[in-house]
Amino acid sequence: GELSCNLSARRALDRKTSYHFIQRARERERIGSTALRAGRAEQKLLKARDGAVRTSSTKKMAPSTATVGTLALFLLANHQTVLANYDRQYASLPSLSRSVAGVTSTSQHNLSSNKHSSSSNHLLRKTFIGNHNHKFWSLRGGALVDPTTKIEFDDKLGNLSLLGVGVRKKGPIKVYSVGVYTNDDVAGTIAALPKSNKEGALTTLRESIKSTSKTSTTTFLLKMSFKVGAEKMAGAIAESVDPRTSDKGAVETLKQLILDGVAAKGAATLGTTLQFDCSDEGVKVSVDGTEIGSAPGLCQAFSDVFLDKDGVSPALRDSIVENSCDKAVAPKSSSSNSDRKSSSGDESLESIESTLKPIEESATGVTFAPKLNDGLYLVGCGVRKKGPIKVYAASMYSSATVLNNASSQSNLRNAARSFDSSSPTTSFVLEMTFNAGAEKIAGAIAESVKPRYNGDPSDIDDLEALIVAGVNKKGDQASKGTIFRFDCSEDGVSVSVDGNAEGQASFKEMGSSFVDVFMDDNAVSPTLVDSCIKTWGSGEAKVKSSRLSELSNDKPVNKGKEKRVKKKEQAKSKVDVELLKLEAVESKLKPVQDAATGVAFDPKLDDGLYLIGAGSRKKSFVKLYAIGMYASPTVLHFLSSFQLGEEHQREASLALRNASRALDTLSPTTSFVLNIVFPVDAKTIAGAIAKSVQVRFGGPSSDVDELESLITEGIKRKGGQATKGTLLRFDCSKVGVSVSVDGNLQGIARGNDLVPSLG
């Protein structure tokens, strides 16, 4: 529709809409082209917008095309938001939303191409700038209007620039709008980052505010849209800051300053402004332009209230990314056609990946590939030293989002351990350059993780056990060239040795803790951190990482899903293959017969324990029972290292005892199965076993009494007599000794030292 209305169109508009609405439209058309009139036109336009919202229609009918053209002037910046907010106002105009959608798509073209446009249309074109489909109204250059509250924020606050605006809601109530202002240097740190990397951009912004707080100020300007009492307002802000800092005294100071400032005017009424200037000195509080005072040391905590993942205004976070990212232009290069493509942004993901190169670790000469098969990119590499010894070369692989945050160590660490949708996994690949035993290398890695992990210390044992198991499979030695891979995610740390997956230490915070081993301020390989920043932190590499991040995040979701499904299928297939191999080995195991009694024991129990050996218990010349010992493959492995012969018997016996009573993650249970070959009553057999335990047990006799009672009760349930063929089973674990008679569980004797005594 035309954007200027003739007299008849205005009369039609007058009949179809309210009197006040057309009056504002007439005032707008009377504006001249002088600079003075231009200023008045802008003011009247803003008043007209507010007046249109409050006015109730007298006769509401579907508008003509010309009517819609005039109305589009008010809806140009964000017609969808206005329609949603004021649905009641235009309830009887069913064609409005359809018509406006068509009008606004051509309005910018009409405004710029029609030489005969009226002066008011020309002024409106200059007033409403930028992409009219943005969620945030843009007025006069960098000024923004919060679309939810219609509160305007100037583009400048002193020498600070506006980054974004958003609403703070409490349930359905719009409490206030907030705008964040900072200097150009801080704004510049996220200007080149893609909008698709929201969390990466906001993390970079938070780190930049923190690192520049000594020389610059970041201001949060709150404009009230709902009346709130002084005490309630002060308390609400203080409660948001409190969990983000350990300085409770400073929080109380901040609360009192807000309370004093707001109480002076009775309450935080509609239009009240609260200004918080954050710097290294603290947070300076002002109310309606009057400075109240400063709360020390809360710069980072106060910034995080609005900028971290749990920020109180998600709309502000979105606005910052929408208005302040993707501002930098990639540098032009004439060196090659490939470089020209890179600066234009027309290249494909594959073409950029083809330019990535391997990196050689200078101290060890180990070279790492630029990309892993599962799509993770090489961030950098370094060496792990112990004194003068170069133990291994270490590399870090992660997503393009992490590459894009390699501007500083803190940014890199935060991105690598965030494990969000844009960067779910960070992997470390270690290649040994010095021979080390399984226990030694596993223990060293575990000791590095332990002080950084806040969970149960025993969780670290699981990680250590996986490393040991992997190295043991290749001969108990992590020899030169052995490759470890640790995949860190929100679920924990997965361990692989020479390409063979060992399993996952599945503990929530362990992934982050493992990243910290290599990325925090006390990183075990400082050269790895330096390499990451040097490789991706500046120049053309920064532009390349931004493009990688954009293109990686633009991949269709269904392809990613297909890839994940394929990986799961591959993993399942690999597990199936391993199970087949295991079954093939187990099929070769044979029962073992005790020579003295002729009782045979199965090679494996149903719960996965393997037969270690069999023997008999005699009392004088009477054979009381045959006994079989079952344990994990780890116990078998300990024995396999000893040669046959009497000269090795004592050593082998000691190793067997230590392995079977360790009861750790590799061998959590050791079981003894007794097959009665001489009938005996319940009291006698239970007493005999209890007596054998008592002489080896240093705990209270009541624990042994409990064990004896469980055996007695079990035998009594079958008539009070342990007849020939009766089976007694004792499962020894950290919990205690579990007693079963003929397959029926009787209970658990839970004495702390009872298990080693029985074993």
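Residues numbered from 1 in each chain as written. Predicted model: local features only at pLDDT ≥ 70, side-chain atom pairs only at ≥ 80, totals over all residues. Heavy atoms only, no water.

## Comments concerning the overall build of the protein chain
- Scanning the protein chain for helices and strands turns up 28 helices and 32 strands.
- Considering only intrachain contacts with a sequence separation of at least 6, the fraction spanning at least 24 residues in the protein chain is 64%.
- Roughly 37,600 Å² of accessible area belongs to the protein chain as shown, and the carbon and sulfur atoms make up 50% of that amount. (Helix = DSSP H or I, 4+ residues; strand = E, 2+ residues; numbered from the N terminus. Contact = heavy atoms within 4.5 Å. Areas by Shrake-Rupley, 256 points an atom, 1.4 Å probe, with all protein chains shown as cover.)

## Remarks on the packing of aromatic side chains
- The full count for this structure, using the stated rule, is 9 aromatic pairs.
- Ring centres of F302 and F306 lie 5.8 Å apart, and the angle between their planes is 50°; on these two criteria the pair is classed as tilted. With a gap of 4 residues between them, F302 and F306 both fall in helix 12 (residues 299-307), about one helical turn apart.
- Here the aromatic rings of F514 and F518 are separated by 5.9 Å at their centres, their planes lie at 40°, and the arrangement is tilted. Here F514 and its partner F518 are both found in helix 20 (residues 510-519), 4 residues apart, which amounts to about one turn of the helix. (Phe/Tyr/Trp six-rings, centres within 6.5 Å; stacked < 30°, edge-to-face > 60°.)

## What about the pairing of strand 15 (residues 377-386)?
- Where burial is concerned, most of strand 15 is hidden: 8 out of the 10 residues are buried.
- Sheet analysis places strand 15 next to strand 16 (residues 389-398), joined by 9 bridges and oriented antiparallel. Directly across from Y377, in strand 16, lies its bridge partner S398.
- Where strand 15 hands over to strand 16, the hairpin turn is made up of 2 residues, of which G387 adopts a positive phi near 65°. (Buried < 20%, exposed > 50% of the residue type's maximum accessible area, 1.4 Å probe, protein only. Pairing = 2+ DSSP bridges.)

## Points about the environment of A686
- Counting through the fold element by element, A686 comes out in helix 26 (residues 682-694).
- Judged by relative accessible area, which is 0%, A686 ranks as buried.
- Put simply, A686 and A722 are 36 residues apart on the chain and 9.8 Å apart in space, counted from C-alpha to C-alpha.
- The contacts of A686, once residues within four sequence positions are left out, are E708, I711 and T712.

## Section: the sheet that holds strand 7 (residues 218-224)
- What the 7 strands build is an open sheet, ordered 4-5-6-7-10-11-12; its pairing is antiparallel. At either margin of the open sheet sits one strand with a lone partner, and together these are strand 4 (156-157) and strand 12 (290-295).

## Observations concerning the sheet that holds strand 25 (residues 610-619)
- If you trace the 6 strands from one edge of the open sheet to the other, you get 25-26-27-30-31-32, paired in antiparallel fashion. In this open sheet, the two strands that pair with only one neighbour each are strand 25 and strand 32 (744-749). The sheet shows a mean angle of 20° between the axes of neighbouring strands, direction not considered.
- Of the strand pairs in this sheet, strand 31 (residues 737-741) and strand 32 are connected by 5 bridges, and their pairing is antiparallel. Across the sheet, residue V737 finds its bridge partner in strand 32, namely A749.
- Relative to the sheet, helix 26 contacts strand 25, strand 26 (622-631), strand 27 (670-676) and strand 30 (727-732), its axis offset from that of strand 30 by approximately 30°. (Axes fitted to C-alpha atoms, helices over the stretch in contact; angles between N-to-C directions.)

## Considering the pairing of strand 6 (residues 173-182)
- Across the 10 residues of strand 6, 8 count as buried, placing the element largely inside the fold.
- In textbook terms, the turn of a hairpin is the stretch between consecutive antiparallel strands, and for strand 5 (residues 160-170) and strand 6 this stretch comprises 2 residues, one of which, G171, has a positive phi near 65°.
- Across 6 bridges, strand 6 lies against strand 7 in antiparallel orientation. Its bridge partner lying in strand 7, V180 is registered against F220.

## Describing the confidence of the model for the protein chain
- Within the protein chain, residue pLDDT values average 78, and 73% of them lie at 70 or more.
- Every residue in residues 52-134 scores below 50 in pLDDT, and together they form 139 contacts with partners more than four places removed in sequence or on other chains.
- Within the model, pLDDT remains below 50 along residues 556-561, and this stretch shows 0 contacts once partners closer than five positions in the same chain are excluded. (pLDDT = per-residue confidence, 0-100.)

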